[in-house]
Amino acid sequence: MADNSTYHYISSFFLVGIPGLQDFHCWIGIPVCLLLVLALLGNSIIIVTIKLEPSLHQPMYFFLCMLAMMDISLVLSVAPKMLAIFWLEAHGIEFNTCLAQMYFIHTFCIIESALLVAMAFDRYVAICIPLRYTTILTTTMVIKMGLGSMTRATLMVLPCPLLIKRLPYYTKNVINHTYCEHMSVVKLASANTLINRAYGISVALSVMVLDLGLIATSYIKILQAVFQLSSQNARSKALGTCAAHVCTILVSYTPALFSFLTHRIGKKVPPSVHIIFASLYLLVPPTVNPLVYGVKTKQIRDRVIGLFFPSKKIFEN
C-alpha cells in the first residue's frame, strides 16, 4: 500500500455481490453454480464433438468451437469469484486482480461478438454465393478471422485498465457488483474520470453498433437471396441453417443491451436488477449456446447421441 503526504492508496476492493439481497446470497449461488457446471459441460461437449466428427470440420463449426472456448473462458473468469462471494463471504479482491478480471471479461465478450459476426458472414457466403464458399472461407481465412477477433478485442480493452491505473483511489473501495465491471471500478476513483467514462462508452457503442450492423447487413442479404428461391422447401432449408445462429445472437445481445442501457440511462432501475441482468449476461449465453446448437444442428445432435447413447445409435441404424 503506497501513501503520500495525506492519503493512502487502497490496495483492494470489496465486492458486495447483489445489494439488498445479501441475505439470499447462499441461495443465489445455487443457480450460479448450476449455470457454471452446465456451461463447462455443454461447451466441452461441443468442442470434443467437433474435434471427433469429420463432417463438422467446416468453417461454421470451427467458429462455433472458438465460441465454445470463449464461453468457457468467460464463465471461469467470473463465476468462481461470484460463488466465493455468495457461499464463502470472500468479498475482497486485490486491486490488480480486479483489473485483470475486468480486462479478461470485457475482452472475451468482444471476441464473442466478433465471432458472431464471422458466423453471420459464413452464412452469407454459404447462402448467397455458395459456389465460392470453399475458396473464400479457407482454413487460413478462418484462422485469420479468429486471430483478428482476438487482436481487436485485446487492443480495444487494453487502455481500460491502463487508464484506471493512473487514477488515484483513496477512500472508496466498495464495488456494488458481483464482479469488477469497468464503470463500477471507475466510479470509485478520487479524480475526474471523464476520459475513462468516454472511452468505455465509445468502446461499448462502437462494438455493438459495428457488429450488429454487420450482422444485420449479412442477414438482409441472406433474406434477399432466400426469397428469390422458387422452392418453398429450399427457402425453409436455407433459413433453417441460420436458426441456431439467430438464437445465439438474441441470447447474447438482448441481456447485453439491457445491461448497457440500464447502467447508463436507467436511473430508476434498482441496482439489484441491473446487477442480476449484468451477471446473467455473462452466465446465460455460455450455458444456452451449446444447447441451441445441440438441438438445432443435426450433425452435432447425432454425434452427441452416439457418444452418450451408442446402443440407441446402433438401433436407429
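For the structure itself, look to the data block above.
Residues numbered from 1 in each chain as written. Predicted model: local features only at pLDDT ≥ 70, side-chain atom pairs only at ≥ 80, totals over all residues. Heavy atoms only, no water.

Enquirer: Quick rundown of the overall build of the chain? Include the residues and the values.
Expert: A count of helices and strands for the chain gives 13 helices and three strands. The globule rule puts the C-alpha radius of gyration for 317 residues at 20 Å, and the 22 Å found for the chain is close to it. Per-residue burial over the chain gives 45% buried out of 317 residues. About 16000 Å² of surface is accessible on the chain, with carbon and sulfur atoms providing 69% of the total. (Helix = DSSP H or I, 4+ residues; strand = E, 2+ residues; numbered from the N terminus. Rg over C-alpha atoms; globule rule 2.2 N^0.38 Å. Buried < 20%, exposed > 50% of the residue type's maximum accessible area, 1.4 Å probe, protein only. Areas by Shrake-Rupley, 256 points an atom, 1.4 Å probe, with all protein chains shown as cover.)

Enquirer: A description of the packing of aromatic side chains should follow, citing residues and the corresponding values.
Expert: Scanning the entire structure with this criterion turns up six aromatic pairs. An angle of 70 degrees between the planes, with centres 5.6 Å apart, marks the rings of phenylalanine 95 and tyrosine 169 as edge-to-face. Here tyrosine 169 lies in the loop between helix H6 (159-165) and strand E3 (174-175) and phenylalanine 95 lies in helix H3 (residues 95-128), a separation of 74 residues in the sequence. The same class applies to phenylalanine 95 and to tyrosine 169, which are both buried. (Phe/Tyr/Trp six-rings, centres within 6.5 Å; stacked < 30°, edge-to-face > 60°.)

Enquirer: Got a sec to walk through the state of the cysteines? Specific residues and values, please.
Expert: Counted according to the given criterion, the structure contains one disulfide. With no disulfide of its own, cysteine 33 has cysteine 26 as its nearest cysteine by sulfur position, at a separation of 13 Å. (Disulfide = S-S within 2.5 Å.)

Enquirer: Provide a residue-level description of the packing of helix H2 (residues 59-88) against helix H5 (residues 139-157), including the pertinent values.
Expert: At a closest axis distance of 10 Å, the pairing of H2 and H5 adopts a crossing angle of 25 degrees. Here H5 runs roughly parallel to H2, going by the angle between their axes. Handedness of the H2/H5 crossing: right-handed. Where H2 approaches H5, its residues Pro59, Phe62, Phe63 and Met66 are matched on the opposing element by Val142, Met145 and Gly146. (Axes fitted to C-alpha atoms, helices over the stretch in contact; angles between N-to-C directions. Parallel < 35°, antiparallel > 145°, perpendicular 65-115°, else oblique. Left-handed = near helix turned anticlockwise from the far one by under 90°. Contact = heavy atoms within 4.5 Å.)

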